[in-house]
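# An overview of the molecular structure
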Amino acid sequence: MRVVVCTIVHHPADARIYHRQIRALLEAGHQVIYIAPVEAEDFSAERTGPQLLLIAVPRAVGRRRLGALRAARRELARHTAGADLLLVHDPELLLALPPRRKRPPTVWDVHEDTAAALSTKAWLPRPLRPAAAAAVHAAERLAERRLHLILAEQGYVPRFGQAHPVVPNTTYVPSTAAPPRADHRVVYLGHLSPDRGVAEMIDLAGLLRPHGVAVELIGPADARARALIEPAQAQGLLRWPGFVPNDQAMALVDGALAGLSLLQDEPNFRHSMPTKVVEYMAHGVPVVTTPLPAAADLVTRYECGFVVPFGDPRAAADAVLKLAADASLRAKMGSRGHEAAAASLGWPADAQAFVAQLERWAMTRA
C-alpha cells in the first residue's frame, strides 16, 4: 500500500504522526510519501529510501498559512494520483484536497477539538473566533460526509453524527523503567504555550530552585511562550533545549523526579488525554497534573502522581518536594504508572488496529 501523509501545521517529527503512525505503516511493509515541513533544522529522518519519500512544504504558522496551503495543494495533486490512501492531519488541509475523482480514499486524523482550540490562538482576532468556530463545525460536518475520520480521543466522539474509529495517543512502553537519577529534576515534555502552563512552570522553577530541584522544559515554544521562557533560562531558573526528537526526548524524561502537566482549564483540553501524562507513566516517572478529567482520572486511579489545582505553582512545588523527600514514594508511584502503561497504554496494539483500518479503507472508494 502506498500512503500519502500530509501535515503543514505539526512539526514533521510529531510523535503521533511520525514516530507512531508512519513508523507503524513502514514496519507493516507499506510505502509512505510524507508531505510536511521536513526541511526544519531540527528534523532528521530516521529512515529514508524506497519506503519513505520526504516532500518538503512550508510550515503554516500564525497568520502565515496561504503559502503552505498552496504548496500542499500542489504536492497533494502531484503525489496522490497513484496512491492507495491519503492521510491528512490538519483541518486546514481540507481546503487543499484534490477533487474526489482524482484522489484515493482520504482519511482525516482529528487531533484536537479545533473549534475549542481557537480560544487559545493569539494570531486569530478575538471578534473573529465565533465565526471561525462556526466555520470549523460546518467543515467537520462536511468532512464527515466525504472523508473517513479517525479520532485521537474518545471525548471527540459526541462532536460527530457517525461512528468513527478512535486511535488513541498511547505510546511505546519500555520493558523496564529507568531508575531515578541522583540529580533532582522535573521535566515537561511537549509543545509550550501559555495555556499549557508555561508561566506556572516558570514560577514553579523559582520555588524549587532553593531546594536544589531543577526544571527542564522539552519541546518547541510559540512566540508568547518564548517571551517568558528565554528570560527565565537566561536567569538560570530552568533549562530549555527546545524541540528534541521523540526518542531523545524520552531519554531526557527517564529518571526524572516528576513529569509536569500543568495545563490550564481550556475547552480544548477538557476532553483530551495529554500524551505527556501517558509518556511519563510509561517511563516510570510520577505525574504532577492539573485536574483535567482524563489526566486526573489516570493519576488517581493508578496512584501514580499528584493532582494539583489549576494555576497553583505552590501546590505543584509541594507535590514535587514530597517526592524529593521520599525516595520510596517516588519509586512506588513511578512503578505503578509504568505497570499501568504496560497493561493498557501501549501503542503496538493500537498500531496494528490503525494499520488494519487504513488497509480496509484503501480497498474502498471514499
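For the structure itself, look to the data block above.
Residues numbered from 1 in each chain as written. Predicted model: local features only at pLDDT ≥ 70, side-chain atom pairs only at ≥ 80, totals over all residues. Heavy atoms only, no water.

### A word on the overall build of the chain
For the chain, the count of helices and strands is 13 helices and 12 strands. When burial is assessed residue by residue, the chain has 53% of its 366 residues classed as buried. For the chain, long-range pairs separated by at least 24 residues make up 67% of all intrachain contacts whose partners lie at least 6 apart in sequence. (Helix = DSSP H or I, 4+ residues; strand = E, 2+ residues; numbered from the N terminus. Buried < 20%, exposed > 50% of the residue type's maximum accessible area, 1.4 Å probe, protein only. Contact = heavy atoms within 4.5 Å.)

### Topic: the nonpolar core
Grouped together as the largest cluster of nonpolar side chains are 56 residues, with contacts concentrated most on Val 186, Leu 192, Leu 217, Ile 229, Leu 238, Met 281 and Val 288. Every residue in contact with Leu 217, bar those within four places of it in the chain, is listed here: Tyr 188, Leu 192, Met 201, Ile 229, Leu 238, Arg 239, Trp 240 and Pro 241. (Core = buried A, V, L, I, M, F, W, Y, C linked by side-chain atoms within 4.5 Å.)

### Points about the packing of aromatic side chains
Throughout the structure, instances matching the rule amount to two aromatic pairs. Ring geometry for Tyr 18 against Tyr 34: centres 5.9 Å apart, planes inclined by 20°, an arrangement best described as stacked. Of this pair, Tyr 18 sits in helix α1 (residues 15-27) while Tyr 34 sits in strand β2 (residues 31-36), placing them 16 residues apart in sequence. Each of the two residues, Tyr 18 as well as Tyr 34, counts as buried. Ring geometry for Trp 347 and Phe 354: centres 6.2 Å apart, planes at 45°, overall tilted. Comparing Trp 347 with Phe 354 shows no difference in burial state: the two are buried. Taking NZ or CZ as reference, Arg 23 lies 4.1 Å from the ring centre of Tyr 172, over its face. For Arg 159, the ring lying beneath its charged end belongs to Tyr 156, and the centroid distance is 5.1 Å. (Phe/Tyr/Trp six-rings, centres within 6.5 Å; stacked < 30°, edge-to-face > 60°. Lys NZ or Arg CZ within 6 Å of the ring centre and 35° of its normal.)

### Comments concerning unusual backbone geometry
Phi at Glu 303 is positive, roughly 50°, even though this residue is not glycine. Tracing the sequence through the fold places Glu 303 in the loop between α10 (293-302) and β12 (305-307).

### Some details on the sheet that holds strand β11 (residues 287-289)
On the basis of which strands lie adjacent, the open sheet formed by six strands has the order β9-β8-β7-β10-β11-β12 and parallel pairing. Each of the sheet's edge strands pairs with one partner strand only, and the pair in question is β9 (239-242) and β12. The mean inter-strand angle of the sheet, taken between neighbouring strand axes irrespective of direction, is 20°. Pairing geometry for β11 and β12, over three bridges, is parallel. Bridge pairing links Val 288 to Phe 306 in β12. Lying on the sheet, helix α7 (residues 246-253) is in contact with β7 (185-189) and β8 (214-218); it crosses β7 at an angle near 155°. (Pairing = 2+ DSSP bridges. Axes fitted to C-alpha atoms, helices over the stretch in contact; angles between N-to-C directions.)

### Section: α10
Along an α-helix, residues three or four apart share an orientation, since each turn contains 3.6 residues. Within the sequence span of α10, burial applies to Ala 295, Ala 296, Leu 298 and Val 299. One side of α10 carries all its buried residues, which in axial view fall inside an arc of 160°. Taken together, the buried residues of α10 touch α9 (275-282), β11 and β12. Downstream of α10 by one or two residues, Glu 303 has phi in the positive range, about 50°. (Arc of directions from axis to C-beta.)

### Looking at the packing of helix α5 (residues 198-208) against helix α11 (residues 313-325)
The contact between α5 and α11 brings their axes to 9 Å, and the two run at 50°. Between α5 and α11, the angle is such that the two are oblique. Our pair here, α5 against α11, has a crossing hand that is right-handed. Contact with α5, carried on its side by Glu 200, Asp 203, Leu 204, Leu 207 and Leu 208, involves Pro 313, Arg 314, Ala 316, Ala 317, Val 320 and Leu 321 of α11 and no other residues of that element. Here the residues of the contact of α5 with α11 are counted per class, giving eight nonpolar, no polar and three charged. (Parallel < 35°, antiparallel > 145°, perpendicular 65-115°, else oblique. Left-handed = near helix turned anticlockwise from the far one by under 90°. Nonpolar A, V, L, I, M, F, W, Y, C, P; charged D, E, K, R; others polar.)

### Topic: the packing of α9 against α10
Direction vectors running N to C along α9 and α10 enclose 25°, while the axes themselves pass 9 Å from each other. Judged by the angle between their axes, α9 and α10 are roughly parallel. Judged by the twist between their axes, the crossing of α9 over α10 is left-handed. Residue-level inspection shows Val 277, Val 278 and Met 281 of α9 in contact with α10, the latter providing Ala 295, Leu 298, Val 299 and Tyr 302.

### Topic: α11
Along its 13 residues, α11 runs 18 Å from first to last C-alpha, staying within 8% of the 18 Å computed at 1.5 Å per residue. Buried residues of α11: Pro 313, Ala 315, Ala 316, Ala 317, Ala 319, Val 320 and Leu 323, and no others. (Expected span 1.5 Å × (residues − 1).)

### Details of the sheet that holds strand β3 (residues 52-56)
Taken together, six strands build an open sheet; the order of strands is β3-β2-β1-β4-β5-β6 and the sheet is parallel. Across the chains shown, the open sheet's two edge strands, defined by having one partner strand only, are β3 and β6 (148-151). Within the sheet, the average angular offset between the axes of one strand and its neighbour, ignoring direction, is 20°. Looking at chain direction, strand β4 (residues 85-88) and strand β5 (residues 106-110) are connected through three bridges and run parallel. Across the sheet, residue Leu 86 finds its bridge partner in β5, namely Thr 106.

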